[in-house]
Amino acid sequence: MTRSRSTDQRIPVQGMNCASCVGRVEKALAGVPGVRSASVNLATAQATLAFDGPAPSVADLRNALQRAGYDTPMGAPGHEGHGGSAGAAHHHHDEDARALSRKVWLAAALTLPVFVMEMGSHLVPAIHDAIHTHIGHFNAQLLQFVLTTIVLFGPGRVFFRIGLPALLRGAPEMNTLVALGTGAAWTYSVVATFAPGVMPPGTANIYYEPAAVIVTLILLGRLLEARAKGRTGAAIERLLGLQAKTARVERDGEVVELPVEQVQRGDRIRVRPGETVPVDGRVLDGDSRVDESMITGEPVPVRRGAGDRVVGGTINQKGSLVVEATDLGEDAVLARIVDMVQQAQGAKLPIQALVDRVTGWFVPIVIAVALVTAAAWWLFGPEPALAMAVVAAVTVLIIACPCAMGLATPTSIMVGTGRGADQGILFRGGDALQGLRDVQVVALDKTGTLTEGKPRLTDLEALAGFQGDELLALAAGAEADAEHPVGTAIVAAAKERGLSVPAATGFESITGMGIRADVDGHRIDLGAARYMAELGIDTTPVDERLSTLADLARTPLLMAVDGKLAGLLAVADPIKAGTPDAIRALHALGLRVAMLSGDNRRTAGAIAAQLGIDEVLAELMPEDKVRALGRLREGGRRLAFVGDGINDAPALAEADVGIAIGTGTDIAIESADVVLMSGDLRNVPNAIALSRATMRNIRQNLFWAFAYNTALIPVAAGVFYAAFGWLLSPMLAAMAMAFSSIFVVTNALRLRRFTAPVPLS
C-alpha cells in the first residue's frame, strides 16, 4: 500500500451525542458537492474531510450539518493540522463543559424539590403528612409540574430541540430517545394532573419526578463524559505546550525578541541555557546538551554543536547556541508530530465500521421495542396497565441510548495514540494501530536499524606488491564521492592516519556490488567478493580469510588495482546498545524476528546468531527486499518491517505494517505506518505492546457497551416481571445509561498508565 502525508481537512461538529449521530453527520457532509469522503470521530467531535477539488465553502458545510440537526463553530474550514484543530477542539470542549455545568446545577436545583416531595412522600410518613397538611395534594402536583416543566424545557430543551426534528426526518438518535421517554412521562403526568377524569380509574398517576431526574442524570453524565473526554486529548495539549511563544532573533545587528510566528527561514536565533529551542534549525555556533525526551522519548540529553540539527520544542540545557532557522510552520518536526497524532486520534479502525453499521439501526429498533413494550403492558399487564405501559416504554427508551457504543473505539484510540506520542511512538492511522496487534513476524533492516549505521574500518591487509597505507589512500580516494556508510568509514580511517587522499575521476557505483573509480592513475575496484567474481578476478587466496572475518560479523571488502587483487579491508557496524533488549522483548511477545541485509550470508549469519534472530535473508539488493517480505509472509503470516533508509521505503510501504526509525530519512518516515521518533529499536516491542493494550481496551469497551444494552433492554421491557418481579425504574435506567458512557471513557483513560515493556532509560 502507498502512504502519503495527509491533506485532509478537519472541522469541529457540534450536537453529536451518540454513535448514530456519527453516520448521519458523515452522510450529510459526504453529500456536499466536492466532498469525496467524510469520517467523523465522536470522541474528538470532529469530521475529517477529503475533497475532489477546491474545498466547499463554510456556508455549504454548515448548511449540510444544520439540515441534519448539527452545526460547526468554524469560521472557515481548512487544514487544521499542526495544532489548529487541537487548540480549537480543546477550547470547544471547555466551553461545552462550562455550559453543561450550568445546566446540571440548574436542573439539580429544580429537580431536588420534586424528588423530595415525591420520593419523600413514599418513604417518610412525616414528609407525606407535611405536604398533605401545608401544601395540599393538588398544589404539590402543580408545583412538581412547574418545576419539571422548567427542567425539561430549560436545561433539557436540547433533547427536544435536536431529538424531535431528527425523528421527523426519519433519523432518530439518542436525543430522540430521551425526548420521547421524558416527554411521554411528562405528558402522561400533565393529563393525570389537570384532566384525571379522562383516564381509566386507578391510572391517574404522575411521573414528573422520573422525567426531571432522568434529564438531570443524563446531563450530569454528559458533563462527566465531557470532562473525561477532555483528558483524552492531553497528549495534543502537551505537544502544543512544548511550542515556544517567542524567539531571540538577530536583526540589523541587534538581538530582538519576536513572536515565533514572525521568525523567517534563515534567521539567526540565540538560545540561552534553559530555554526552549523556538524553531527547527541548524546550529551555527555553540556547544550544548539538548533534552529531546519530549520528542524522542529518550531521557538522556544529546550533545549538539556546530552543524547539528535541533528541533523546536526541545530544551537547551547548559550551553548557549546560535541556530539558523530552517523548517517552519507545518514543515517543523513538532508540527508534523501533532499532525500525525491528530490523524491517528481522528482515524477509524476497521472494527469501527461494524459498530457504525449496527448503531445505524439501533435507535429505530429501540423505538420499535418501546412501542411493542407499551402495547404489551397495556393489553396484558396488571393494573394500572396504562401507567405500567408508560413506565416500561420510558425505561426502554432511556436504557438503550447508544452513547457508550459510539465512544468505545474512538476514546481508546485517542488515549492510546496519545500515550504512544508521549513515548516517541507515532501511529499514522487507526489501521496501523489495529494491524500492529496482529503482526506475527518482525523483519528488521540491518544497517541503521539493528546497527548504528556508522561502520568503522577494522581490518586492512595488503597483498604482495602493495603497502597498507598506499591501499588505504587509494581506497579512500575512490570512496571520497560515495555516500554509503562503508565508504565514509574508509575515508575516516585514512584521515585518522593522516594520509593524503588523492582525487578520483570516473566514479561509478555498482548497486549492491561495489564501486569503481580512477585514482592517481590507477583503476580501483572495491566491493564484495561477488563483484570481484563478476570482474573475473580470482579470490581464492583470501577465501579463508573472508570466511574468518564474516564469522566475526565484519563485512569484508576486496580491492583490485588495475584488475589485480591488491588487498582486503573489513568494516564493522556496531550493534546499537538497545538492540539485544529489543530482540528479547519481541521474542517475549511471541513474535518471530527476521533480518534483511545486503551483507554476505556469513557476516549476516554471525550478527543474527549474536542477537538470537530467527531468520536471515542476506545478500539482498535494494529491489530484493520487497520480494524477501513475500517469502517471510508465506503461510499467511502478518508482517511488520522496520527500516530507516531511502532504499527501505518500498519495503515499508509493502509490509502489512511499516515501522520507520525516526532518525532515518523523510522518505522512509513518509512511507511508514508507525514512526519511532528515536533511533532506539526498543520502541518496536513497545509499539506492539501498546497496540495490543489499546485493542484489548477497545474490546473491553465494545463488550461493555453491547452487553449492557443487550442485557438490560429485556429487563427494562419487563420480560422477567412475571417470573421474578424484575422491573427497572426509569431513574435507575438513566443512571445506568450515564454510567455506561462514563465507564467506557474511564476505561479508555487507563491506557494513560500504559508502561512500556522495555523502558528506554
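Predicted model, so just to flag it, every value in this text is computed and none were measured.

Please explain the overall build of the protein chain as it appears in this structure.
Across its full length, the protein chain holds 28 helices and 24 strands. A burial count over the protein chain gives 56% of its 761 residues as buried. A fraction of 69% describes how many contacts in the protein chain between residues 6 or more apart in sequence connect residues 24 or more apart. Surface summary for the protein chain: the accessible area is close to 31400 Å², and the carbon and sulfur share equals 57%.

When you look at the pattern of salt bridges in this model, what are you seeing that I'm missing?
Between side chains of opposite charge, a pair can form as their charged atoms come close. Throughout the structure, instances matching the rule amount to 26 salt bridges. Across the salt bridge formed by arginine 282 and glutamate 324, the nearest N and O atoms sit 2.6 Å from each other. On the criterion of sequence distance, the pair formed by arginine 282 in strand β7 (residues 281–291) and glutamate 324 in strand β11 (residues 321–325) is long-range, its members being 42 residues apart. Arginine 282 sits in the partly exposed class, given a relative accessible area of 34%. With a closest N to O distance of 3.1 Å, aspartate 525 and arginine 523 form a salt bridge. Among the residues examined, arginine 523 registers a relative accessible area of 35% and is labelled partly exposed. Through salt bridges that share partners, Asp459, Glu461, Arg545 and Arg554 make up one connected network.

Quick question: what am I supposed to make of a positive patch on the surface here?
A cluster of basic side chains, namely Arg98, Arg102, Lys103, Arg157 and Arg161, defines a positive patch on the protein surface. Listed by contribution, the elements that provide at least two residues to the positive patch are α3 (84–123) and α6 (157–168). Residue contributions to the positive patch peak at 3 residues, all from α3. Mapped onto the secondary structure, arginine 157 falls in helix α6. By relative accessible area, arginine 157 is classed as partly exposed at 47%.

What should I look at first to understand the sheet that holds strand β15 (residues 504–510) in this one?
Each strand in a sheet pairs with another by means of backbone hydrogen bonds, the pair being arranged parallel or else antiparallel. Strand order in this open sheet of 6 strands is β14-β19-β18-β17-β16-β15, and the pairing throughout is antiparallel. Across the chains shown, the open sheet's two edge strands, defined by having one partner strand only, are β14 (456–462) and β15. Strand-to-strand, the axes of this sheet are offset by a mean angle of 20°, without reference to chain direction. As paired strands, strand β17 (residues 522–527) and strand β18 (residues 555–561) are joined by 4 bridges and run antiparallel to one another. Along β18, the bridge assignment pairs aspartate 525 with alanine 560. Sitting on the sheet, helix α20 (residues 543–551) is in contact with β14, β18 and β19 (564–572), with an inclination near 10° to β19.

Can you help me understand the UniProt feature "transmembrane region" (unreviewed entry) in the protein chain in this one?
Mapped onto the present numbering, the UniProt feature "transmembrane region" (unreviewed entry) falls on residues 104–123, 143–164, 176–195, 207–224, 358–380, 386–409, 702–724 and 730–749. Annotation note: span residues 176–195, helix share 95%, strand share 0%, distance between end C-alpha atoms 27 Å. Taken end to end, residues 207–224 has its terminal C-alpha atoms 26 Å apart, with 94% of it in helix and 0% in strand.

Looking at this structure, how should I read the sheet that holds strand β3 (residues 46–51)?
In spatial order, the strands read β1-β3-β2; together these 3 strands make up an open sheet with antiparallel pairing. In this open sheet, the two strands that pair with only one neighbour each are β1 (9–12) and β2 (35–41). Each adjacent strand pair in this sheet contributes to an overall mean axis angle of 25°, direction not counted. Bridge count for β2 against β3 is 6 bridges, and the pairing is antiparallel.

What should I look at first to understand the environment of phenylalanine 427 in this one?
Relative to the helices and strands, phenylalanine 427 is located in strand β12 (residues 425–427). Using a relative accessible area of 2% as the deciding quantity, one classes phenylalanine 427 as buried.

Hey, could you run me through unusual backbone geometry in this one?
Phi is mostly negative for residues that are not glycine, and the peptide bonds are mostly trans. Here glutamate 383 and proline 384 are connected by a cis peptide whose omega angle stands at -5°. Of note, proline 384 is situated in the loop between α12 (350–380) and α13 (385–399). The phi torsion at aspartate 520 lies on the positive side, around 55°, for a residue other than glycine. Structurally, the position occupied by aspartate 520 is in the loop between β16 (514–519) and β17.

Where do I start with the packing of aromatic side chains in this structure?
Each aromatic ring pair is described using two quantities: the centre-to-centre distance and the angle formed by the ring planes. Counted by the stated rule, this structure contains 8 aromatic pairs. Taken together, the aromatic side chains of Phe138, Phe145, Phe153, Phe160, Trp186, Phe194 and Tyr208 make up a single cluster linked through ring pairs.

Just checking my understanding: could you explain α13 for this structure?
Each α-helix winds once per 3.6 residues, and so residues spaced three or four apart point in a common direction. The terminal C-alpha atoms of α13, which comprises 15 residues, lie 21 Å apart, in line with the 21 Å expected from a rise of 1.5 Å per residue. α13 sits mainly inside the fold: 14 of its 15 residues count as buried.

In this structure, what is going on with the side chain of glutamate 615? I would like to understand it.
Its location among the elements puts glutamate 615 in strand β21 (residues 615–617). A distance of 2.7 Å separates a polar atom in the side chain of glutamate 615 from a polar atom in the side chain of arginine 592. The contact partners of glutamate 615, leaving out residues within four places of it in the chain, are Arg592, Val593, Ala594, Met595, Leu632 and Arg637.

Would you mind showing me how to read the confidence of the model for the protein chain here?
Atom-level detail of predicted coordinates should not be read off regions where pLDDT is low. Put simply, the protein chain has an average pLDDT of 81, and 85% of its residues get 70 or more. Across the protein chain, helix α21 (residues 579–588) holds the top mean pLDDT of 93, while helix α25 (residues 666–671) sits lowest at 58. In the model, residues 1–6 has pLDDT below 50 throughout and makes 24 contacts with residues more than four positions away in sequence or in other chains.

Please explain a nonpolar patch on the surface as it appears in this structure.
Together, Phe138, Leu142, Val146, Ile150 and Phe194 make up an exposed nonpolar region whose accessible area comes to about 410 Å². Broken down by element, the nonpolar patch gets its largest block of residues, 4 residues, from helix α5 (residues 137–153). Relative to the assigned elements, valine 146 resides in helix α5. Overall, the relative accessible area of 38% leaves valine 146 in the partly exposed class.

So what exactly am I meant to see when it comes to the pairing of strand β22 (residues 639–643) here?
Residues in a regular strand point their side chains to alternate faces of the sheet. Most of β22 sits inside the fold, with 5 of its 5 residues counted as buried. The alternating pattern of β22 places Leu639, Phe641 and Gly643 on one face and Ala640 and Val642 on the opposite face, and all of these are buried. Across 4 bridges, the pairing between strand β13 (residues 441–445) and β22 is parallel. What sits directly across from leucine 444, in β22, is valine 642. Note: β22 against strand β23 (residues 657–661), 4 bridges, orientation parallel. Bridging across to β23, valine 642 finds its partner in isoleucine 659.

What exactly am I supposed to notice about the pairing of β23 here?
With respect to burial, β23 is a largely interior element, 5 of its 5 residues being buried. In this structure, β23 lies alongside strand β24 (residues 674–676), joined through 3 bridges in parallel fashion. The residue of β24 that forms the bridge with isoleucine 661 is leucine 676.

Analysis parameters
Residues numbered from 1 in each chain as written. Predicted model: local features only at pLDDT ≥ 70, side-chain atom pairs only at ≥ 80, totals over all residues. Heavy atoms only, no water. Helix = DSSP H or I, 4+ residues; strand = E, 2+ residues; numbered from the N terminus. Buried < 20%, exposed > 50% of the residue type's maximum accessible area, 1.4 Å probe, protein only. Contact = heavy atoms within 4.5 Å. Areas by Shrake-Rupley, 256 points an atom, 1.4 Å probe, with all protein chains shown as cover. Salt bridge = Lys/Arg side-chain N within 4 Å of Asp/Glu carboxyl O. Patch = residues over 30% accessible without salt bridge, like charges linked within 9 Å, V, L, I, M, F, W, Y side chains within 5 Å. Lys, Arg positive; Asp, Glu negative; His and termini not counted. Charge placed at Lys NZ, Arg CZ, Asp CG, Glu CD. Pairing = 2+ DSSP bridges. Axes fitted to C-alpha atoms, helices over the stretch in contact; angles between N-to-C directions. UniProt positions renumbered as here; feature names shortened; annotations may be inferred. Phe/Tyr/Trp six-rings, centres within 6.5 Å; stacked < 30°, edge-to-face > 60°. Expected span 1.5 Å × (residues − 1). Polar contact = N/O pair within 3.5 Å; in protein donor to acceptor, adjacent residues only side chain to side chain. pLDDT = per-residue confidence, 0-100.

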